[in-house]
Amino acid sequence: MIVEVLVPLPFDQSFSYSIPADEIVSIGTIVRVPFGRRSIEGVVIGLEGVEVKGLKPIHGVAHKAALSKSMVDWILWVADYCLIPKGLVLKAVWGGSLIPQVATQNLIALNDAAHLEKVTPAQKKILSYLTVHAKPLLRKKIREELGVSDGVIAGLLKKGILRLITKPVPDKLLEQPALPVMLPVLSKEQEVAKQFLLSEMSAEDPCVTLLDGVTGSGKTEVYFDVIDQCLMLNGQVLVMLPEIALTAQWLQRFQKRFGFKPLLWHSNVSKAQKSHIWQAVLEGWPCVVVGARSSLFLPFQNLKLAVVDEEHDASFKQEEGMIYHARDMAIVRSKLCQAFVILSTATPSLETWSNVQSGRYKHVKLPERFKVKSGPDIQLVDMRTHDSKQTWISKPLRDALRRTFEQGAQSMLYINRRGYAPVTLCRACGYRFACPDCSAWLVRHKFNDTLQCHHCGYHASAPSVCPSCQTEDATISCGPGVERIEEEVLSFIPDARVMVLSSDHMAQNTQMQVAIEKIEGGEVDIIIGTQVMAKGHDFKRLTCVGVIDGDLGLMGSDLRASERTFQMLTQVAGRSGRHVEQGEVWLQTYQPESDIMKALSKGDRDSFFGYELALRQEFSWPPFGRLAGVIVSGSDEARVAAFVKSMCTKVPHLTGVRLLGPAQAPLYKVRRKYRWRFTILSSKETSPHAFVNAWLAKIKCPKDIHIQVDIDPISFY
Ligand SMILES: [Zn+2]
Ligand SMILES: [Zn+2]
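Residues numbered from 1 in each chain as written. Chains lettered and ligands numbered in written order. Predicted model: local features only at pLDDT ≥ 70, side-chain atom pairs only at ≥ 80, totals over all residues. Heavy atoms only, no water.

Distances from the zinc ion (ligand 1) to its protein donors, Cys-426 (SG), Cys-429 (SG), Cys-466 (SG) and Cys-469 (SG), fall within 2.2 to 2.4 Å. Taken together, the four donor atoms coordinating the zinc ion (ligand 1) span angles of 108 to 112° at the metal, a pattern that classifies the geometry as tetrahedral. Donor residues for the zinc ion (ligand 1) sit on one chain with the sequence pattern C-x2-C-x36-C-x2-C. Within this pair, whereas Cys-426 is found in strand 20 (residues 423–426), its partner Cys-466 is found in the loop between strand 23 (459–461) and strand 24 (475–478), the two being separated by 40 residues in sequence. (Donors = N, O, S within 2.8 Å, 3.2 Å for Na, K, Ca; no water. Tetrahedral: all angles 85-135°; square planar, octahedral: opposite > 155°, others 65-115°. Helix = DSSP H or I, 4+ residues; strand = E, 2+ residues; numbered from the N terminus.)

So this is what it looks like as structure tokens:
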């Protein structure tokens, strides 16, 4: 028998191997094969290999469980769709390295049948120790407890007096004691939503369903109940959350509801734990895996339910290396094995919304539960009337902050800019401090007195002399970041306890946890933060929210700018006054008459979507057409430009597909690489894939130039 084996290396093709007569394999079998000088683990993806002379046999079957047929189909689909070599997708499934090996431990037991003529004192110690305990003991423990050398144990093993037992290390994670369960009481509306989801899940080919409701409407409790039902049917569940929302708060809620911890899968989980989870899902154990986007690649044997929480979140798109959208890939993964998908959010992505409108997805909406009034009022502040130089907080917002502080409640200011100031320049000559490796300004950070590049991590201490004109102490900071807003707040409420929340201050998850506890405990009056604070947390004392620069997200020519701004500002506004009557939101803008600002101030999501969809339809942008980005980069500026030009002469002609560009990327230089972009726009019926494949097939890419394809791009930097 000859089979086709896919190996976890950057190849798109599979390789043929022969199967020895005593081995049984099928599609999905994990096999160990010789590859070059190595022996690696691959997966059988075809059974009709062609006999060629000198074909090598596989080394053996590597794992007793095989990948499911739908998993194999999905691997091949992802590779084709995202234009990634198939082997690299398998590599992601293997977890970046080879198949995780379960950690084992060595136990020593007495061999009853054997008998020793002459016994040394050290040997006697070991034998009587084992006799007293009357069970196998850890080799390491025997050594340490008795102070004997390993050589003595080895000698007894060799003589057959002792025997060695190798067992997997029991995993606390998978064998946890059951804790008391607190079943929530669902409201009538939640109960209706739950029944809707349960009946859809039991359908033969369940339809993707949007679970729609503002934060605090109880979406999580509803999908928890669906998970519970799924576990009762011995199914496997995947819950994907943006990394940032994977908080202790969420995990505590889960544990309270179910009495056990879910299996956590993200970058900070140890390799040993990962290997246990990997085995568990492959062997089909009923379980709930909660993870960031990489959890998508786990080899579920019996996936019945996938929940994508905060489905609109941009972090589901992997932007570097292997480019893919985890939400979209999860939907395909589930379709292939008839699993049910719940997309949960307060602010759906336009793609999801348009799928709901067209009837491809189902929709269940939860009304606000603690309905004091329909969401906090959003007041627009026209910043064109704010003329005070070097300050960024308008008079009405200042008044609101002061009032809230005096009432002993909490306020939150949102500005999506880390550091102190986004631009630093020399007053004498106008020199601007830029990153030497990127086309980006250096951001001033006051807390460690540095200038930093947010694209490559370059940082230097803030100089006191201008490098261009040598004037001393002439640098000025332009524009605000979180640190500068903190300074301004303290200038008019000096007694306020202010906390700055940004990724600079929250490098570790524990720091974030400490910060959240402080806020919940009322130790903070005013929180100033970037988008790290916009999600997932529900602060009960928070009654006032201010958005420093509502227009910030709208800058740049990105087609998703308004959608993202709308989502972000809705999330931020939703932080306020969920638990009290007098919640207020102040949104500072220079364009109060724009459609997005008007829709925001009225809390009118559906009309914003309608407006935005009409605009996209007019230009055939997604979801009405399809996009792909091709990014060409290299460190020799002239060579990259010349190569991009040569690519233009090889453009294939395909009806329904348009090529835009080439253009220098908005971020032209990153990490000393010069970047150009092409954008491919196709109608919904044709796909950009055929075009890209035909094009790239005609191009020979030199070694020092890199071509990256981004299907369904969401960022355009
Ligand atoms: Zn200067
Ligand atoms: Zn840089």
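This part is about the domain arrangement of the protein. Under the domain assignment used here, the protein contains domain 1 (2–93), domain 2 (104–168), domain 3 (189–364), domain 4 (377–417 + 480–614), domain 5 (424–479) and domain 6 (625–711). On a C-alpha basis, the centres of domain 5 and domain 6 stand 33 Å from each other. Listed as interface residues are seven residues of domain 5 and, on the opposing side, six residues of domain 6. In this assembly, domain 5 packs against domain 6 so that about 610 Å² is buried in total across both faces, 44% of it on carbon and sulfur atoms. On the domain 5 side of the contact with domain 6, Asp-437, Ser-439 and His-455 bury the most area, a combined 72% of that side's loss. One can count one salt bridge joining domain 5 with domain 6. Here Asp-437 and Arg-672 are joined by a salt bridge, their closest N and O atoms 2.7 Å apart. Linking domain 5 to domain 6 there are six residue pairs in polar contact (both at pLDDT 80 or more). (Domains from an automatic or database assignment. Contact = heavy atoms within 4.5 Å. Buried area = accessible area lost by both parts, 1.4 Å probe. Salt bridge = Lys/Arg side-chain N within 4 Å of Asp/Glu carboxyl O. Polar contact = N/O pair within 3.5 Å; in protein donor to acceptor, adjacent residues only side chain to side chain.)

What follows covers the sheet that holds strand 32 (residues 705–711). Taken in spatial order, the four strands of this open sheet run 30-31-29-32, and their pairing is antiparallel. Both edges of this open sheet fall to strand 30 (657–670) and strand 32, since each of them pairs with a single strand only. Averaged over neighbouring strand pairs, the angle between their axes works out to 20° when direction is ignored. Two strands pair when backbone bridges link them, and strand 30 and strand 31 (residues 673–683) are joined in this way by eight bridges, in the antiparallel orientation. Looking at the pairing, Gln-664 lines up with Trp-676 of strand 31. Where helix 18 (residues 637–648) meets the sheet, its contacts fall on strand 29 (625–634), strand 30, strand 31 and strand 32, and the angle it forms with strand 31 comes to roughly 20°. (Pairing = 2+ DSSP bridges. Axes fitted to C-alpha atoms, helices over the stretch in contact; angles between N-to-C directions.)

What follows deals with the nonpolar core. The biggest cluster of nonpolar side chains holds 103 residues, and the ones touching the most others in it are Leu-67, Trp-74, Ile-75, Val-289, Leu-296, Val-632 and Met-647. Sequence-distant contacts of Leu-67, defined by excluding residues within four places in its chain, comprise Ile-27, Gly-28, Ile-30, Val-43, Val-72, Ile-75, Trp-94, Leu-282, Pro-299 and Gln-301. In terms of nonpolar packing, the next biggest core, distinct from the first, is built from 27 residues, Ile-227, Cys-230, Val-290 and Leu-366 among them. (Core = buried A, V, L, I, M, F, W, Y, C linked by side-chain atoms within 4.5 Å. Buried < 20%, exposed > 50% of the residue type's maximum accessible area, 1.4 Å probe, protein only.)

To continue, consider the packing of aromatic side chains. This model, assessed by the stated rule, comprises 24 aromatic pairs. Seen in terms of ring centroids, Trp-74 and Phe-297 are 5.5 Å apart; in terms of plane orientation they differ by 55°. Their pairing is tilted. Of this pair, Trp-74 sits in helix 1 (residues 69–82) while Phe-297 is found in the loop between strand 12 (288–291) and strand 13 (303–309), placing the two residues 223 residues apart along the sequence. With relative accessibility at 4%, the residue Phe-297 sits in the buried group. Their ring planes at 75° and their centres at 5.8 Å tell us that Phe-254 and Phe-260 sit as a pair that is edge-to-face. Counting every residue linked through ring pairs, the aromatic cluster contains Tyr-223, Phe-224, Trp-250, Phe-254, Phe-258 and Phe-260. Sitting above the plane of the Phe-258 ring, Arg-257 keeps its charged end 4.8 Å from the centroid. The lysine or arginine in question, Lys-274, covers the ring of Trp-265, its NZ or CZ lying 5.1 Å from the ring centre. (Phe/Tyr/Trp six-rings, centres within 6.5 Å; stacked < 30°, edge-to-face > 60°. Lys NZ or Arg CZ within 6 Å of the ring centre and 35° of its normal.)

The next point concerns the environment of Asp-473. Mapped onto the elements, Asp-473 comes out in the loop between strand 23 and strand 24. Separated by 45 residues in sequence, Asp-473 and Ala-428 place their C-alpha atoms 9.7 Å apart. Setting aside anything within four residues of it in sequence, one finds Asp-473 in contact with Arg-427 and Ser-464.

Their axes nearest at 11 Å, the elements helix 15 (residues 561–573) and helix 16 (residues 595–602) cross at an angle of 25°. It follows that helix 15 is roughly parallel to helix 16 by the angle criterion. Regarding helix 15 and helix 16, the two cross each other, and that crossing is right-handed. Of the residues in helix 16, those touching helix 15 at Ser-562, Thr-565, Phe-566, Leu-569 and Thr-570 are Ile-596, Ala-599 and Leu-600. Taken together, the residues of the contact of helix 15 with helix 16 break down into five nonpolar, three polar and no charged. (Parallel < 35°, antiparallel > 145°, perpendicular 65-115°, else oblique. Left-handed = near helix turned anticlockwise from the far one by under 90°. Nonpolar A, V, L, I, M, F, W, Y, C, P; charged D, E, K, R; others polar.)

This brings us to the environment of Leu-627. By secondary structure assignment, the location of Leu-627 is in strand 29. Look at Leu-627 and you get buried, because its relative accessible area is 1%. Along the backbone, Leu-627 and Pro-34 are 593 residues apart, and their C-alpha atoms lie at a distance of 40 Å. Every residue in contact with Leu-627, bar those within four places of it in the chain, is listed here: Leu-559, Trp-621, Pro-622, Thr-679, Ile-680, Leu-681, Pro-688, Asp-710, Ile-711, Asp-712, Pro-713 and Phe-716.

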